[in-house]
Amino acid sequence: MTATTLSSANFTRRIREIRLIAQDQVLLIGLLASGAFILAFILWPLFRVGYQGFFTLDGIFNLDYFQRYFDAQLGPSFRRVFSDTIVMGLLTATGSTALGFLLAYTVVRCQVPFKRAIHALILLPTISPPFAIAIATILLFGRNGLVTRKILNIDFSPYGMHGLVFVQIITFFSIAYLIIRSLLERIEPSMEEAALSLGASKWHIFRTITLPLLTPGIAASFLLMFVESLADLANPLFIAGDTTVLSAQIWIAVNGEYNQHKGAALSLVLLIPTLTVFLIQYYIVARRSFIAVTGKPTGGSSATFVKEPRLRAIFIGLSTFILLFILSLYVTIFAGSITKLWGINYSLDLTHYGQVFSRGFKAIIDTTFLSAVATPIAGIAGMVIAFLVVRKKFSGKASLDFFSTLGGAVPGTILGIGYIIAFIQAPTVIVAIIYAALAYLLVSAATRVTWQRLFLFSGGTFASLALVWLTWTPEIRAAFPIQFASLAQTIPTINADEWQRDLALALGAIGIAALAFLPTETRSRQFMLLFVMGIYLVARQFVPDWAQNIVLWSRQQGGDILPRVGPSLAQYINLFFQLPLAILGFTYTALAGAISARFAARNRAIGFFIALILLSVAGALTFYGKKDIGETLALVGTPYIVLAAYAVRSLPASVRAGIAALQQIDPSIEEASTSLGGDAQYTFRKVTLPLIVPAFVAGLIFSFARHMTSLSAIIFLTTAKWPILTALILSEVEQGGMSIASR
């Protein structure tokens, strides 16, 4: 068979696969949504950083920073930084996974008293800033620490690799605990009970049944801990001492040397161990079966508990000691916050709290708000990607899994720099690609005839671009090809506010058509959807004025709280009602596909016409810009870029937790639902989703905590209008305000 024949066969197979995907609405919508998110907020920024890693700011191809690893003079220092990074990652991943496993097994299997209190204490590191443990370690074991200097009077330094690994293990182990505990609680007890009734010892049962069933969670935890360790910036800056790791080296290159080319090149080097660990996890875990939830009735799980007094005492004793030590670290932070000058003057001093609420009040509430908004985005995206990877069959799902993890694998500093490079101007190419994919969904729902799809796509896109062109001033139009210069002067400009209201009226007209043409069981739903879409466009024009009235009212009231809360509240309201029009256009294009399908099912001609109008409206929103196509996706300086960074950084945890949970669920449960008449969407909502709720909740908990404590990913994205708490804490520590930072 010739190469041409093979290529033709592969092309035909791809086309056939795309058609099959189009028939599965859950798969198609999931792929488009997750693909658009990953393309815009992970691949595009990393591509821009990667480009700068090989090219200087002048566009000159340069491999200097890669060649330094093999240079006789500079090579040893560069290679030492790389090896120290790998050692740190392996030690942290091993230690945090082992500690998380110990505590999860104790809580689930040892019938510990005060289980809820223990669970809350274990989760403390997830809700504290990434450098909280580092601060506590310095306060206790530093050169002027309470334990080392005041109690033991010894010369001990926590700075270096040993201190860094210790701090990272305490910082990250609770994530491993959440993942492993959720799997332990869902292991089918009948398998262990059957082995126990046949005379197997509990050690044999643990080694041959329990541990293999936990392999997805352990592997997922190890992968995540390794990635977290390598991407961590805060702890290496605080306690690494004379040990330099890649994340800190990248930070120094960008923030100290102002050399983005060097920082980008080093970030590409850091991807090598991350990719290696991911491939090991994928090929070991993904090719084995770990089904623990079968859907068959079983007995209780009391036989699987650790009941031997000595063994139970060992588990509970070790766990208690560890938790008391962790609690002492946080007590130290509190003690440092009420101390006048730690190490010198331990007298009580509460004045720093006044400074915190005066200087950091806005940072506290803004960080909490943005974290809460980003949490469901990361959680839902993670579960959707996990479901597609585990339950659906399509080419490229390994790439989907990998790229969803990549956003959390790269150093946060580089991701932040990538966002600045990628979104300082409108990423027109990305806007066009995402629009084309979503428009394909719309036209496919409206008609099955190929030439009609092409006509609908081209006609709707042309109409949308024409609407955008009409909003430009004659001077801007005249800058385009000369033959349109005279035409640009004669056609009046549409006011942007009136333009959006006209689009809202178009949606309202389609809503009325829905009441007239659609069957009774679907007309009210489609009408309400179109009504809400239209009302939102109108609200965009009025909400900013209403929000400004809140600011004026709060200032008139006087006092200390309301004048500070009012402007923030106005910002929060505007955040929901001033979405970038490109993102709004993407959303409306996807919704228009579902609406067009309803009309097309009733009347093909009407469905085609409705789809044309909806595509024109959605496309106009997508491409709107005062001087450029898709200008509204230039996100630098807006809170939306912080939300994107938050979601991308916490996405790997949600994906890994979802994949580990789904790998334990027997597919026959979902197959039974399908055989009884449930479609893919119904089966996912009613069967799969309830079974992965624990993993979903674990993903939400981690996501919110990760957002609240994130530093490296957003340190370049925060602005005076949207300050972030962790960046403020780092600033205080750099200025020597350890007591204020402890608060």
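Residues numbered from 1 in each chain as written. Predicted model: local features only at pLDDT ≥ 70, side-chain atom pairs only at ≥ 80, totals over all residues. Heavy atoms only, no water.

Trainee: Before we move on, could you go through the overall build of the protein and cite the residues and values that matter?
Mentor: Helix and strand content of the protein: 34 helices and two strands. For the protein, the residues scored as buried account for 52% of the 743 residues in total. Total accessible area on the protein stands at roughly 33,300 Å², and carbon and sulfur atoms take up 67% of it. (Helix = DSSP H or I, 4+ residues; strand = E, 2+ residues; numbered from the N terminus. Buried < 20%, exposed > 50% of the residue type's maximum accessible area, 1.4 Å probe, protein only. Areas by Shrake-Rupley, 256 points an atom, 1.4 Å probe, with all protein chains shown as cover.)

Trainee: Please give an account of the nonpolar core that cites residues and values.
Mentor: Counting 97 residues, the largest nonpolar core has Tyr177 and Leu184 as the members making the most contacts within it. Core analysis: the second largest hydrophobic core is formed by 95 residues, Val389, Tyr435, Tyr588 and Ile659 among them. (Core = buried A, V, L, I, M, F, W, Y, C linked by side-chain atoms within 4.5 Å.)

Trainee: For the confidence of the model for the protein, give the residues involved together with the corresponding values.
Mentor: Confidence in the prediction of the protein, expressed as mean pLDDT, is 77, and 78% of residues score 70 or more. At the low end of the mean pLDDT range in the protein sits helix 34 (residues 738-742), at 51; at the high end sits helix 4 (residues 75-109), at 89. Residue range residues 293-303 is modelled with pLDDT below 50. Its contacts to residues more than four positions away, or to other chains, number 23 contacts. (pLDDT = per-residue confidence, 0-100. Contact = heavy atoms within 4.5 Å.)

Trainee: Summarise the packing of aromatic side chains; cite the residues concerned and give the values.
Mentor: For the structure shown, the criterion picks out 19 aromatic pairs. Measuring from ring centre to ring centre gives 4.7 Å for tyrosine 435 and phenylalanine 623, while their planes differ by 65 degrees; the resulting arrangement is edge-to-face. Placement of the pair is tyrosine 435 in helix 20 (residues 428-446) and phenylalanine 623 in helix 28 (residues 604-623), with a sequence separation of 188 residues. Judged by its relative accessible area of 3%, tyrosine 435 falls in the buried class. Residue phenylalanine 623 is classed as buried on the basis of its relative accessible area of 6%. Considering the side-chain rings of tyrosine 572 and tryptophan 722, the 6.0 Å spacing of their centres and the 40 degrees angle between planes classify their relative orientation as tilted. In this pair, tyrosine 572 is assigned in helix 26 (residues 562-577) and tryptophan 722 in the loop between helix 32 (693-709) and helix 33 (725-734), connecting sequence segments 150 residues apart. The structure contains a cluster of three or more aromatic residues connected by ring pairs, namely Phe37, Phe41, Tyr419 and Phe423. (Phe/Tyr/Trp six-rings, centres within 6.5 Å; stacked < 30°, edge-to-face > 60°.)

Trainee: Any chance you could break down the environment of arginine 109 for me, citing the residues and the numbers?
Mentor: Position of arginine 109 among the secondary structure elements: in helix 4. Measuring from C-alpha to C-alpha, the distance between arginine 109 and leucine 184 comes to 8.6 Å, with 75 residues separating the pair along the chain.

Trainee: Describe the side chain of serine 444, listing the residues and the values that go with them.
Mentor: Tracing the sequence through the fold places serine 444 in helix 20. The buried category is assigned to serine 444, whose relative accessible area is 16%. Among the polar contacts listed, one links the side chain of serine 444 to the backbone oxygen of tyrosine 440, at a separation of 2.7 Å. (Polar contact = N/O pair within 3.5 Å; in protein donor to acceptor, adjacent residues only side chain to side chain.)

Trainee: Which residues make up empty space enclosed by the protein, and what values do they have?
Mentor: Evaluated as defined, the whole model comprises four cavities of 30 Å³ or more. Every residue lining the largest cavity is counted, 20 residues in all, and those nearest its centre are Pro130, Phe172, Glu228, Arg706 and Thr709. Of all the secondary-structure elements, those providing two or more residues to the lining of the largest cavity are helix 8 (161-184), helix 11 (215-231) and helix 32. Residue contributions to the lining of the largest cavity peak at four residues, all from helix 32. Across the lining of the largest cavity, the residue classes break down as ten nonpolar, six polar and four charged. (1 Å grid on protein atoms, 1.4 Å probe; cavity = no way out; pocket = protein on both sides within 12 Å on 5 of 7 lines; lining within 4 Å. Points joined across faces, edges and corners; volume = space filled by probe spheres on them. Nonpolar A, V, L, I, M, F, W, Y, C, P; charged D, E, K, R; others polar.)

Trainee: Tell me about the packing of helix 6 (residues 132-141) against helix 15 (residues 309-337), and name the residues and values.
Mentor: Helix-helix packing is characterised by the crossing angle of the two axes and by the distance between the axes. In the contact formed by helix 6 and helix 15, the axes pass within 9 Å of each other and the chain directions differ by 80 degrees. It follows that helix 6 is roughly perpendicular to helix 15 by the angle criterion. Where helix 6 approaches helix 15, its residues Ala132, Ile133, Ala136, Leu139, Leu140 and Phe141 are matched on the opposing element by Phe325, Leu329, Tyr330, Thr332, Ile333 and Gly336. Counted by class, the contact of helix 6 with helix 15 contains ten nonpolar, two polar and no charged residues. (Axes fitted to C-alpha atoms, helices over the stretch in contact; angles between N-to-C directions. Parallel < 35°, antiparallel > 145°, perpendicular 65-115°, else oblique.)

Trainee: Give me the packing of helix 17 (residues 361-391) against helix 26: which residues, what numbers.
Mentor: Interaxial distance between helix 17 and helix 26 falls to 11 Å at its minimum, and their mutual angle equals 20 degrees. As far as their axial angle goes, helix 26 and helix 17 are roughly parallel. The chirality of how helix 17 crosses helix 26 is right-handed. Two secondary-structure elements touch here, helix 17 through Phe361, Lys362, Ile365, Asp366, Phe369, Leu370 and Val373 and helix 26 through Arg564, Val565, Ser568, Gln571, Tyr572, Leu575 and Phe576. Split into classes, the residues belonging to the contact of helix 17 with helix 26 amount to nine nonpolar, two polar and three charged. (Left-handed = near helix turned anticlockwise from the far one by under 90°.)

Trainee: An account of the environment of leucine 246 is needed here, citing residue identities and associated values.
Mentor: For leucine 246, the position within the fold is in helix 13 (residues 246-256). Put simply, leucine 246 and valine 81 are 165 residues apart on the chain and 6.3 Å apart in space, counted from C-alpha to C-alpha. Residue contacts for leucine 246: discarding those within four places in its chain leaves Tyr69, Val81, Phe82, Thr85, Leu266, Val269 and Leu270.

Trainee: Please provide a residue-by-residue account of the pattern of salt bridges, values included.
Mentor: Following the criterion strictly, the structure yields two salt bridges and no others. When the shortest N-O distance is used, the salt bridge between aspartate 64 and arginine 68 registers 3.0 Å. As a salt-bridge pair, aspartate 366 and lysine 362 come within 2.9 Å of each other at their nearest N and O atoms. In this pair, aspartate 366 and lysine 362 both sit in helix 17, four residues apart, roughly one turn of the helix. Accessibility expressed as a relative area gives 0% for aspartate 366, which makes it buried. Judged by its relative accessible area of 27%, lysine 362 is partly exposed. (Salt bridge = Lys/Arg side-chain N within 4 Å of Asp/Glu carboxyl O.)

Trainee: Give me the lowdown on the environment of glycine 145, citing residues and values where you can.
Mentor: Position of glycine 145 among the secondary structure elements: in the loop between helix 6 and helix 7 (146-151). Assessed through its relative accessible area of 0%, glycine 145 is described here as buried. Sequence separation of glycine 145 and proline 158 is 13 residues, and the distance between their C-alpha atoms is 9.9 Å. With residues near it in sequence (within four places) discarded, glycine 145 still touches Ile138, Leu139, Leu140 and Lys150.

Trainee: Explain a nonpolar patch on the surface residue by residue, including any values.
Mentor: On the surface, Ile151, Leu152, Ile154 and Phe156 cluster together into a nonpolar patch covering about 360 Å² of accessible area. Topologically, phenylalanine 156 is positioned in the loop between helix 7 and helix 8. (Patch = residues over 30% accessible without salt bridge, like charges linked within 9 Å, V, L, I, M, F, W, Y side chains within 5 Å.)

Trainee: Describe the side chain of serine 404, naming the residues involved and giving the relevant values.
Mentor: Take serine 404: it is sitting in helix 18 (residues 397-409). Within the local environment of serine 404, its side chain forms a polar contact with the backbone oxygen of aspartate 401, the two atoms lying 2.7 Å apart. If we skip the residues at most four places from it in the chain, serine 404 touches Ile38, Ile42, Ile385, Leu651, Pro652 and Val655.

Trainee: So what about helix 19 (residues 412-423)? Which residues, and what values?
Mentor: Two residues of an α-helix separated by three or four positions point the same way, owing to the 3.6 residues in each turn. Helix length check: helix 19, at twelve residues, gives a terminal C-alpha distance of 16 Å against a target of 16 Å (1.5 Å per residue), a fit within 8%. For helix 19, the tally of buried residues reaches eleven of twelve residues, placing the bulk of the element in the interior. (Expected span 1.5 Å × (residues − 1).)

Trainee: Describe unusual backbone geometry, naming the residues involved and giving the relevant values.
Mentor: Although it is not a glycine, phenylalanine 114 sits at a positive phi angle of roughly 55 degrees. Turning to its location among the elements, phenylalanine 114 is positioned in the loop between helix 4 and helix 5 (115-122). With a relative accessible area of 69%, phenylalanine 114 lands in the exposed category.

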